[in-house]
Amino acid sequence: MSEGSAGRTGVALTERQKISWLRLIRSDNVGPIAFRDLINHFGTAENALDALPELSRRGGTKQAYRVATVSEAERELEAARRCGAVFIGIGEPGYPAALRQIDGAPPLLAMKGDLKAATRPSLGIVGSRNASVSGAKFAAMIARDAGRAGYIVTSGLARGIDTAAHRASLETGTIAALAGGLDRPYPPENIGLLDEITAGRGLAISEMPFGWEPRARDFPRRNRLIAGISLGVAVVEAAHRSGSLITARYAADFGRLVFAVPGSPLDPRCHGTNDLLKQGAIVTTSADDVLEAMAPLSQFELPLPSVREPEGQTQSSPAATSDNDRAAIVHALGPTPVETDDVVRHTGLSPAQVYLLLLELDLAGRLDRHAGGLVSLTSVE
């Protein structure tokens, strides 16, 4: 994939469309998958916004449904401008090509820095916050060599391995994925590093609202971004149950390459990476191990996703769904995640009906979505 080739594809959103997209993704219970389903069903974000309260009511919500307002979206756009950032939609030029391909990719990304960085093939590098000297040195070596080979290095701005990877790739380009808003970077000691990244050939990205302080549950979403943007993820030092292993699991789920650096079995910081090797991760003892495996992947053009607004779309209204159909869906689901296709077969309803009914439950806060497109009820009635 030539530099920038993926980023030249797509259609730019108008200012009005961008406001509608921002309102939709910031409305109650609208995650990336619900956003995609709403656009696909109603054609435009504006049409979907009008339908949200009724869909939520039909899904069984017990409280008033909150739709993000125009003024709220305009305030966030203004906050982005003050920060020197922009919002890029999933179907627009400049959206990371690999990230477009994952299920539930963020519809909008806030970006600050060199926007061309998002169009380059990426290698993710993650690892221990409490890194050893040798671990940080090895991560920096991989980052430098990957940068010289034309890859953008993506990491999470954390202490330790992330910091080493970012610093080593400042000259060639690096992407910092944030768990909070772009104006709320974490940890505080890396604010200066983030400024260096965005002032040079690098980029900061986030799917969270401006002003959002990162919480513990936001970091797995950040890890998902790193895995989704990257064609491969290298893990350098990771303890059991670490965030780096979450990134590796996402990468494997997305069909990305997973690299692991072996370490001493006596060092707790290496227990997670050694386990990854037992599970089939690529043994990584030099940057060449990464670059040789990545080379074939970087040659392919990736298609655009389905979340795009057609021209001249007319107003739509929610399709008719009956209480009996809704009851059949609720009865078919439980706390155990199941595939949507199995729900279709079990209920005998059409796929279109099932997807709309699941969307209603999702907007009402009664549906949990899991990796691999699995769904379950938040509580059994």
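Quick look at the structure, then.

Reading guide: rules and limits
- Residues numbered from 1 in each chain as written.
- Predicted model: local features only at pLDDT ≥ 70, side-chain atom pairs only at ≥ 80, totals over all residues.
- Heavy atoms only, no water.
- Phe/Tyr/Trp six-rings, centres within 6.5 Å; stacked < 30°, edge-to-face > 60°.
- Helix = DSSP H or I, 4+ residues; strand = E, 2+ residues; numbered from the N terminus.
- Buried < 20%, exposed > 50% of the residue type's maximum accessible area, 1.4 Å probe, protein only.
- Core = buried A, V, L, I, M, F, W, Y, C linked by side-chain atoms within 4.5 Å.
- Contact = heavy atoms within 4.5 Å.
- Pairing = 2+ DSSP bridges.
- Right-handed = clockwise from strand over helix to strand, strands pointing away.
- Axes fitted to C-alpha atoms, helices over the stretch in contact; angles between N-to-C directions.
- Parallel < 35°, antiparallel > 145°, perpendicular 65-115°, else oblique.
- Left-handed = near helix turned anticlockwise from the far one by under 90°.
- Lys, Arg positive; Asp, Glu negative; His and termini not counted.
- Salt bridge = Lys/Arg side-chain N within 4 Å of Asp/Glu carboxyl O.

1. Re the packing of aromatic side chains
Turning to step 1, where the next piece is worked out: Tallying each qualifying case throughout the model produces four aromatic pairs.
Turning to step 2, where the next piece is worked out: Ring centres of Phe-87 and Phe-210 lie 5.9 Å apart, and the angle between their planes is 75°; this geometry places the pair in the edge-to-face category. Here the residue Phe-87 occupies a position in strand β1 (residues 86–89), and Phe-210 occupies one in the loop between β6 (203–206) and α9 (219–229), the gap between them amounting to 123 residues.
Turning to step 3, where the next piece is worked out: Residue class for Phe-87 comes out buried when judged on its relative accessible area of 4%.

2. Structural notes on the nonpolar core
Turning to step 1, where the next piece is worked out: Counting 72 residues, the largest nonpolar core has Leu-24, Val-30, Leu-38 and Phe-210 as the members making the most contacts within it.
Turning to step 2, where the next piece is worked out: Residue contributions to this core peak at six residues, all from helix α3 (residues 45–59).
Turning to step 3, where the next piece is worked out: Setting aside its immediate chain neighbours within four residues, Val-30 contacts Leu-24, Ile-25, Phe-35, Leu-38, Leu-52, Tyr-65 and Leu-363.
Turning to step 4, where the next piece is worked out: Grouped together as the second largest cluster of nonpolar side chains are 22 residues, Ala-146, Tyr-151, Ala-165 and Val-261 included.

3. Focus on unusual backbone geometry
Turning to step 1, where the next piece is worked out: Omega for the peptide link from Tyr-186 to Pro-187 comes to 5°, which places this bond in the cis form.
Turning to step 2, where the next piece is worked out: Inspection of the secondary structure assignment puts Pro-187 in the loop between β5 (174–177) and α8 (191–199).
Turning to step 3, where the next piece is worked out: Backbone geometry at Glu-237 places phi at a positive 65°, although glycine is not the residue there.
Turning to step 4, where the next piece is worked out: Summarising the element assignment, Glu-237 is placed in the loop between β7 (232–236) and α10 (243–253).
Turning to step 5, where the next piece is worked out: Residue classification places Glu-237 among the buried residues on the basis of a relative accessible area of 6%.

4. Describing the pairing of β5
Turning to step 1, where the next piece is worked out: Neither face of β5 is left uncovered, since the one carrying Thr-174 and Ala-176 and the one carrying Ile-175 and Ala-177 both have all their residues buried.
Turning to step 2, where the next piece is worked out: Strand direction decides the pairing type here: strand β4 (residues 152–155) and β5, joined by three bridges, are parallel. Counted as the bridge partner of Ser-155 is Ala-176 from β5.
Turning to step 3, where the next piece is worked out: The β-α-β motif built from β4, the intervening helix α7 (residues 161–168) and the parallel element β5 has right-handed crossover chirality.
Turning to step 4, where the next piece is worked out: Summarising the sheet, β5 and β6 pair through three bridges and their orientation is parallel. By the bridge assignment for β6, Ala-176 is matched with Ala-204.
Turning to step 5, where the next piece is worked out: Considered for its hand, the β-α-β crossover made up of β5, α8 and β6 is right-handed.

5. Notes on the packing of helix α6 (residues 133–148) against helix α12 (residues 287–294)
Turning to step 1, where the next piece is worked out: At their nearest, the axes of α6 and α12 sit 9 Å apart, and the two run at 40° to each other. Classed by the angle they form, the pair α6 and α12 counts as oblique. As α6 packs across α12, the resulting crossing turns out to be right-handed. In this structure, α6 uses Met-141, Ile-142, Asp-145 and Ala-146 to contact α12, whose residues at the interface are Ala-287, Val-290 and Leu-291.

6. Concerning the side chain of Asp-325
Turning to step 1, where the next piece is worked out: By the secondary structure assignment, Asp-325 is in helix α13 (residues 323–332).
Turning to step 2, where the next piece is worked out: Although buried, Asp-325 forms no salt bridge, and the nearest oppositely charged side chain, Arg-326, lies 7.5 Å from it.
Turning to step 3, where the next piece is worked out: Residues in contact with Asp-325, not counting those within four places in the same chain, are Leu-349, Gln-353 and Leu-357.

7. Observations concerning the sheet that holds β7
Turning to step 1, where the next piece is worked out: Strands sit in the order β1-β2-β6-β5-β4-β3-β7-β8-β9 across an open sheet of nine strands; the sheet is mixed. Edge positions in the sheet fall to β1 and β9 (282–283), since each has one partner strand and no second.
Turning to step 2, where the next piece is worked out: Contacting β1 and β2 (108–113), helix α1 (residues 15–25) crosses the sheet at an angle of about 115° to β2.

8. Describing the environment of Leu-193
Turning to step 1, where the next piece is worked out: Note that Leu-193 resides in helix α8.
Turning to step 2, where the next piece is worked out: Exposure remark for Leu-193: the relative accessible area of 1% places this residue in the buried category.
Turning to step 3, where the next piece is worked out: In this view, Leu-193 contacts Leu-157, Thr-163, His-166, Arg-167 and Leu-170; residues no more than four positions away in its chain are not counted.

9. Notes on the sheet that holds strand β11 (residues 367–369)
Turning to step 1, where the next piece is worked out: Read across the open sheet, the three strands follow the order β10-β12-β11; overall the sheet is antiparallel. Each edge of the open sheet is held by one strand with a lone partner, namely β10 (338–339) and β11.
Turning to step 2, where the next piece is worked out: One ladder, built from two bridges, connects β10 with strand β12 (residues 374–377); its direction is antiparallel. Bridge assignment links Glu-339 to a residue of β12, and that residue is Leu-374.

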